[in-house]
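As a plain string of letters, each chain reads:
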Amino acid sequence: MKRYSLAVLAMLVATAAMTAPAHAGLRVPQIVFPATALASSLGAQGESIDVLTQQQEGLVWGSTVSTNSTMTIQFELPGNPHGNEMGIARLDAAGKVPLGLVPVFPASAGPGWFAVASFRTGGGLVVNLFDASANLISRTSSSGVNRQLFAYYIKNAGGTFYSHEGMNPDFKVHSLAFAGTGENAGSWWLAWEDATFPTYDDAEYDDALLFLESLNPTPVSQASWGRVKTLFR
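Residues numbered from 1 in each chain as written. Predicted model: local features only at pLDDT ≥ 70, side-chain atom pairs only at ≥ 80, totals over all residues. Heavy atoms only, no water.

## Remarks on unusual backbone geometry
Across the chain, the bulk of peptide bonds are trans and the bulk of non-glycine residues have phi less than zero. The amide bond that connects Val28 to the next residue, Pro29, takes the cis arrangement and shows omega of -5°. Here Pro29 lies in the loop between β1 (8-14) and α1 (36-44). Its identity is not glycine, yet Ala134 carries a phi of approximately 70°, on the positive side. Structurally, Ala134 is set in the loop between β6 (125-130) and β7 (136-142). Even without a glycine there, the phi angle at Tyr205 is positive, about 55°. Within the secondary structure, Tyr205 sits in the loop between β11 (188-192) and β12 (208-214). (Helix = DSSP H or I, 4+ residues; strand = E, 2+ residues; numbered from the N terminus.)

## Points about the sheet that holds strand β8 (residues 150-156)
Within a sheet, each strand pairs with its neighbour through backbone hydrogen bonds, oriented either parallel or antiparallel. As summarised here, the arrangement of the four strands in space is β4-β3-β8-β9, forming an open sheet in which the pairing is antiparallel. Two strands bound the open sheet, and with one partner strand each, they are β4 (98-105) and β9 (159-162). The average undirected angle you get between the axes of adjacent strands in this sheet is 35°. With six bridges joining them, strand β3 (residues 85-91) and β8 adopt antiparallel strand pairing. The partner of Gly87 across the bridge, within β8, is Tyr153. (Pairing = 2+ DSSP bridges. Axes fitted to C-alpha atoms, helices over the stretch in contact; angles between N-to-C directions.)

## Brief notes about the environment of Trp189
Of note, Trp189 is situated in strand β11. For the pair Trp189 and Gln55, spaced 134 residues apart in sequence, the C-alpha to C-alpha distance is 10.0 Å. A polar side-chain atom of Trp189 sits 2.6 Å from a polar atom in the side chain of Glu47. (Polar contact = N/O pair within 3.5 Å; in protein donor to acceptor, adjacent residues only side chain to side chain.)

## Thoughts on the packing of aromatic side chains
On inspection of all chains with the given rule, the structure shows six aromatic pairs. Considering the side-chain rings of Trp61 and Trp188, the 5.9 Å spacing of their centres and the 85° angle between planes classify their relative orientation as edge-to-face. With a gap of 127 residues between them, Trp61 in the loop between α1 and β2 (71-76) and Trp188 in strand β11 connect regions that are remote in the sequence. Judged by its relative accessible area of 11%, Trp188 falls in the buried class. Arranged with centres 5.3 Å apart and planes meeting at 55°, the rings of Phe197 and Tyr200 form a pair that is tilted. Classification of Phe197 by relative accessible area gives buried; the value is 5%. A relative accessible area of 21% means that Tyr200 is categorised as partly exposed. Within the aromatic cluster, the residues linked to one another by ring pairs are Phe33, Phe197, Tyr200 and Tyr205. (Phe/Tyr/Trp six-rings, centres within 6.5 Å; stacked < 30°, edge-to-face > 60°. Buried < 20%, exposed > 50% of the residue type's maximum accessible area, 1.4 Å probe, protein only.)

## What to know about the nonpolar core
By size, the foremost hydrophobic cluster in this structure holds 25 residues, and its most contacted members are Trp61, Leu125, Tyr152, Leu190 and Trp192. Put simply, the parts of the chain that give this core at least two residues each are β3, β4, β5 (114-119), β6, β8, β11 and β12. Excluding its chain neighbours within four sequence positions, the residues that come into contact with Leu125 are Ile88, Val102, Ala117, Ser118, Phe119, Thr140, Ser141, Ser142 and Val145. Judged by nonpolar contacts, the second largest core, of 17 residues, contains Ile31, Leu38, Ile49 and Leu209. (Core = buried A, V, L, I, M, F, W, Y, C linked by side-chain atoms within 4.5 Å. Contact = heavy atoms within 4.5 Å.)

Written out as structure tokens, the structure reads:
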């Protein structure tokens, strides 16, 4: 739903490779929506993706790395963050029911802020929030997070929406997953619609983008990330 002049860009980077979304493969059916804005956003990131025919099944997610792995999440906000909270949803054992939300990016965060979320043994998840200059703003801990089975969510005054449409109050698709192309091969994108909509003709999925990739061997290109990396070695 085109309501903003700027979309929120978010990046999620893992120190070891994430699994593909559960039931990975093309979404059936492919969602038909006004695709110009999202195609432009992904194209600006160097992607070559047909957003109307290459949608993947990105309902729930998991990591195949060891239980002491660290997941690093960078959220970059160009312009107004639009009051969106984004994070990880704890799920039941079947991966169908959300049991709670773990914010990694609060609605109050400013442009350029980012977060680092670290999985711990026993289902713990520690979230470190940084401002645009890589100054630590807060550190929070949550429990009961299964790193092998979780979903993503976006939340604002209009409601909470999940990467799994079966969890959404309107049972509509609010997140589209895409496999990265070119130098992003092996990585994933999640494109979000952050508001309720009557038909898919009213959704553009450019309110937020999440980029998921393996940190190694990807080089750190920002000085702030070099500083943050030293905290988690």
